[in-house]
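One-letter residues, chain by chain:
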Amino acid sequence: MTDVADVAIVGGGVIGLSCAFELARRGKSVSVIERERPGFGASTVAAGMLTPSFEVELTPPALVELQLDSLRRYPQFVAEIESAGGLSCGYREEGTLWVSRHRDDELELEHLRKIQEDRGLPARRLTGREVRQIEPYVSPRAVGGLLVESDHQVNSRTLMVALQAACEAVGVAIRVGAGVTTVERTQGRVELAIEEESGVSTLCADQVLLAAGVWLEDGLVTPLPTIGMRPIKGQIVHLKGQRLADHVLRNSDIYIVPRSGGELLLGATEEEQGFDLRPTAGGTLDLLRYAFEILPGIYDLYVSEIDVGLRPAVTDHQPVLGPANVEGIYIAGGHYRGGVILAPSTAYWMAELMTTGRAPEQIASFGIERLLAERLQEAAG
Ligand code: GLY
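Since the model is a prediction, treat every value here as computed from it, not as a measurement.

Criteria and thresholds
Residues numbered from 1 in each chain as written. Predicted model: local features only at pLDDT ≥ 70, side-chain atom pairs only at ≥ 80, totals over all residues. Heavy atoms only, no water. Pairing = 2+ DSSP bridges. Helix = DSSP H or I, 4+ residues; strand = E, 2+ residues; numbered from the N terminus. Axes fitted to C-alpha atoms, helices over the stretch in contact; angles between N-to-C directions. Contact = heavy atoms within 4.5 Å. Parallel < 35°, antiparallel > 145°, perpendicular 65-115°, else oblique. Nonpolar A, V, L, I, M, F, W, Y, C, P; charged D, E, K, R; others polar. Near = heavy atom within 4 Å. Polar contact = N/O pair within 3.5 Å; in protein donor to acceptor, adjacent residues only side chain to side chain. Areas by Shrake-Rupley, 256 points an atom, 1.4 Å probe, with all protein chains shown as cover. Buried < 20%, exposed > 50% of the residue type's maximum accessible area, 1.4 Å probe, protein only.

On to the sheet that holds strand 6 (residues 124-127). Ordered by their spatial adjacency, 8 strands build an open sheet running 6-7-5-14-15-16-13-17, and the pairing between neighbours is mixed. Each edge of the open sheet carries a strand with a single partner, namely strand 6 and strand 17 (302-313). Ignoring strand direction, the axes of neighbouring strands in this sheet form an average angle of 25 degrees. Where strand 5 (residues 96-100) meets strand 14 (residues 248-250), 3 bridges bridge the pair, whose relative direction is parallel. The residue of strand 14 that forms the bridge with Trp98 is Arg250. Along the sheet, helix 3 (residues 103-118) makes contact with strand 5, strand 6 and strand 7 (144-148), crossing strand 7 at roughly 25 degrees. Of the strands in this sheet, strand 5, strand 13 (230-240), strand 14, strand 15 (255-259), strand 16 (263-267) and strand 17 are in contact with helix 6 (residues 281-294), which crosses strand 13 at around 55 degrees.

Below you can see the structure in the form of structure tokens.
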């Protein structure tokens, strides 16, 4: 069987579906091919923090700009998804509160505040007492804080369900349990071989967007050179019980994300463990210990889940966005810790590129060329 579409998207994570929604809204016929189920890789494990200001120190300026661009787009992105599919995305605007436990944390916080100030990002410094006035369950040992009201959060699981409904409402065909094995350019189009339980089929498209997360170079044959996509394991502990916080709470060791229904997410480990999805005692121990230092009341909550995801990353830990080096093939991947926050801007700018042919300035520094140049240098020794 051969199917056709204007655009085929390999991967039904938050990036694949956001791009599919935007391209379909712009009049393209879009097919998404997902090997498991939407959001299976990293998207539904993500805590959904939309917090560019706290990652600003180690993030290159162009990426901070893209994150801020995406944060500004979030309210409209959510409104469009909710209006098309009729389901809530679970978007909340309570802000983020950094909590310092001791003098070291305080010095780190002061350093962070200065960088934020230099970059024009608003934040309010708080004493320990002020932190507890905002969040009364924070430990009496906390000595200070930093409040960023412009940071927000979205429930990544709710978002994925809403996004799927929105995609279907605008005519996107989503094939689940369908693994793409090869992508090749032939006779002026791009052809995909797809394996499903029902058999093998072909999909022909004018354009293909590779948004397969960590599976970009695992079991998928494309004409692209290797770019070194690898998984970075993240474990997240879910707790349930009495509501202990309204804001996202964090410091350099942990983030604590309150969700509706009394759920609290503690995240996340960062591990080089290949495709291993098993939760570990050590990962859980660290997350509970660091969270307990900020919010001792977690002691009485129930562990409802330990979730594990694989973040897709390349060597410089920045996304890869733009045309691949084969006509008709594009890539949106390597979002590492930022898939959820970067979804609106990735979708918008990739759709601009794929519908107009003009390369947007906003994603110019995230092209595949930087990785190919790196590989050539390595090969030259
Ligand atoms: N976005 C936070 C993380 O990946 O842990």
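Attention shifts here to the packing of helix 1 (residues 14-25) against helix 2 (residues 61-85). At a closest axis distance of 12 Å, the pairing of helix 1 and helix 2 adopts a crossing angle of 75 degrees. Judged on the interaxial angle alone, helix 2 and helix 1 are roughly perpendicular. Across the interface between the two elements, Ser18, Phe21 and Arg25 of helix 1 pack against Phe77, Glu80, Ile81 and Ala84 of helix 2. Of the residues assigned to the contact of helix 1 with helix 2, the class counts are 4 nonpolar, 1 polar and 2 charged.

Moving on, we come to the site of the ligand. In the vicinity of the ligand, the residues found are Tyr255, Ala268, Arg311 and Arg337. Take Arg311: an N or O atom from its side chain is 2.7 Å from an oxygen atom of the ligand. Measuring from a nitrogen atom of the ligand, one finds a backbone N or O atom of Arg337 at 2.8 Å. When the free accessible area of the ligand is taken as 200 Å², the share hidden by the protein chains comes to 82%. Of the residues contributing to the shell around the ligand, the split by class is 2 nonpolar, no polar and 2 charged.

With that out of the way, let us pick up the environment of Leu277. Residue position: Leu277 is located in the loop between strand 16 and helix 6. Overall, Leu277 belongs to the partly exposed group, its relative accessible area being 39%. Here the alpha-carbon distance between Leu277 and Asp307, two residues 30 residues apart in the chain, equals 8.8 Å. When sequence neighbours within four positions are dropped, the list of residues in contact with Leu277 reads Val308 and Leu310.

Limitation: the analysis is restricted to geometry and does not speak to function.
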